[in-house]
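Inside the fold
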Amino acid sequence: MSPPYIYRWAGLLTTVGLIVGVAAVVLSDVGAPTVLATSEGPAVAASAAGPRARTAEDAPVRGMPGVARPAITSSRLSVTSTTTERPTVALTFDDGPTPQYTPQVLELLAEYRAPATFCMIGNQAAVHTDLVHRVVDAGHRLCDHTMSHDATVGMHDPELMSRQLDTSHSSLATVFQPPAPVDYFRAPEGAWTPQLDEVAARTGMRPLGWSVDTLDWTQPGVAAIVASVQQSVHPGAIILFHDGGGPREQTVEAVRQLLPWLQEQGYEFTLPN
Ligand SMILES: [Zn+2]
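The rules behind the values
Residues numbered from 1 in each chain as written. Predicted model: local features only at pLDDT ≥ 70, side-chain atom pairs only at ≥ 80, totals over all residues. Heavy atoms only, no water. Donors = N, O, S within 2.8 Å, 3.2 Å for Na, K, Ca; no water. Buried < 20%, exposed > 50% of the residue type's maximum accessible area, 1.4 Å probe, protein only. Core = buried A, V, L, I, M, F, W, Y, C linked by side-chain atoms within 4.5 Å. Helix = DSSP H or I, 4+ residues; strand = E, 2+ residues; numbered from the N terminus. Polar contact = N/O pair within 3.5 Å; in protein donor to acceptor, adjacent residues only side chain to side chain. Salt bridge = Lys/Arg side-chain N within 4 Å of Asp/Glu carboxyl O. Contact = heavy atoms within 4.5 Å. Phe/Tyr/Trp six-rings, centres within 6.5 Å; stacked < 30°, edge-to-face > 60°. Expected span 1.5 Å × (residues − 1). Pairing = 2+ DSSP bridges. Right-handed = clockwise from strand over helix to strand, strands pointing away.

For the zinc ion, the full set of protein donor atoms is Asp95 (OD), His145 (NE2) and His149 (NE2), and the range of their distances to it is 2.1 Å. For the zinc ion, the single-chain donor residues occur in sequence as D-x49-H-x3-H. You can call His145 buried: its relative accessible area is 0%.

Further remarks concern the nonpolar core. The biggest cluster of nonpolar side chains holds 50 residues, and the ones touching the most others in it are Leu91 and Leu262. Ranked by size, the runner-up nonpolar core spans eight residues in total, among them Tyr184, Trp210, Ile238 and Leu240.

Let us now look at the side chain of Ser211. Along the chain, Ser211 turns up in the loop between strand E5 (206–207) and strand E6 (212–213). Among the polar contacts made by the side chain of Ser211, one reaches the side chain of His234 at a distance of 3.0 Å.

A few words on the pattern of salt bridges. Side chains that differ in charge, positive against negative, can pair when their charged atoms come close. Taken as a whole, this structure holds four salt bridges when the rule is applied. Close ionic contact of Arg186 with Asp94 constitutes a salt bridge, the shortest N to O distance being 2.7 Å. Within this pair, whereas Arg186 is found in the loop between strand E4 (184–185) and helix H7 (194–202), its partner Asp94 is found in strand E1 (residues 88–96), the two being separated by 92 residues in sequence. On the accessibility criterion, Asp94 (0% relative accessible area) is buried.

On to the side chain of Thr251. Tracing the backbone shows Thr251 in helix H9 (residues 249–264). Given a relative accessible area of 1%, Thr251 falls into the buried group. Sequence-distant contacts of Thr251, defined by excluding residues within four places in its chain, comprise Asp216, Ile225, Phe241 and His242.

Now for the environment of Trp192. Within the secondary structure, Trp192 sits in the loop between E4 and H7. With 39 residues separating them along the chain, Trp192 and Val153 place their C-alpha atoms 8.7 Å apart.

A separate point is the packing of aromatic side chains. Counted by the stated rule, this structure contains three aromatic pairs. Centroid distance Phe185 to Trp192: 6.0 Å. Interplanar angle 75°. Geometry classified as edge-to-face. The class for Phe185 is buried, based on a relative accessible area of 0%. Accessibility expressed as a relative area gives 1% for Trp192, which makes it buried. Taken together, the ring pairs connect Phe93, Phe118 and Phe241 into an aromatic cluster.

The next thing to look at is helix H6 (residues 158–173). For H6, which comprises 16 residues, the first-to-last C-alpha distance of 22 Å matches the rise-based estimate of 22 Å (1.5 Å per residue) to within 8%. Among all positions of H6, only Met161, Leu165, Ser168, His169, Ser171, Leu172 and Ala173 are buried. In this structure, the buried side of H6 is in contact with strand E2 (116–120), helix H4 (122–127), strand E3 (141–144), E4 and H7.

It is worth spelling out the pairing of E1 at this point. Within E1, nine of the nine residues are buried, leaving the element largely enclosed by the surrounding structure. As judged from the two bridges shared by E1 and strand E8 (residues 268–269), these two strands associate in the parallel manner. Among the inter-strand pairings, Thr88 is bridged to a residue of E8, identified as Glu268. In this sheet, strand E7 (residues 237–242) lies alongside E1 in parallel orientation, the contact comprising six bridges. Paired with Ala90 across the two strands is Ile238, which belongs to E7. In this structure, E1 lies alongside E2, joined through five bridges in parallel fashion. Each residue of the ladder has a partner; that of Gly96, found in E2, is Met120. What joins E1 to E2 is helix H3 (residues 102–111), and the crossover it makes is right-handed.

See below:
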């Protein structure tokens, strides 16, 4: 015997409600905007060096950090976004240390009690061990950026690659006794390959990507560097700056302006997870 009409209608409405609910959840996820980050190096070198670090922004919904999802990167292992309930931002500085710029960056970071990650070139770290000490003593993290900024490292055979990363990793770690941890590896010019990911992970380093590329190495002007962050920052962002590799006065000045701005926006400075 059929149930009364009222129960049939109730059942039908419940079913429709469930379908609409599930569809809304699915659509809200795929609807998150995606922005491709550009590389830190020249485009020519990029195509020669293989797959690049492509990163996608998290949903840039300020005030709703809970909706952020892990960024997509060229490398399934790359760390490109901090995962947190609070709006945080991770600052990263590549191609140092340099006596001209690293101390200035350190001073600014200290002023705002902002921890950061320094992706150092081994050959420079070997010459400026005092700066490596200053970076670590101030609570910042070390990231291996190869001995000589070799963007072709990911194309070498795994054995050579492994030796290269062992060398650069220990060039940073053994500035300290006992050796300091080197948590991350960042491929020069973002020239990642799956093998490079694997070798870095085997060496105990997490591949570190980025989600906001300031393009500061092109020296586009302080205002452009500042604007690139102001327009693209999002909860969990990892921002790419350079404290070496060329004149970086613009970077230093941009960081000087951006630290208070980010703080005013409610961001907390953090290290990548
Ligand atoms: Zn670099």
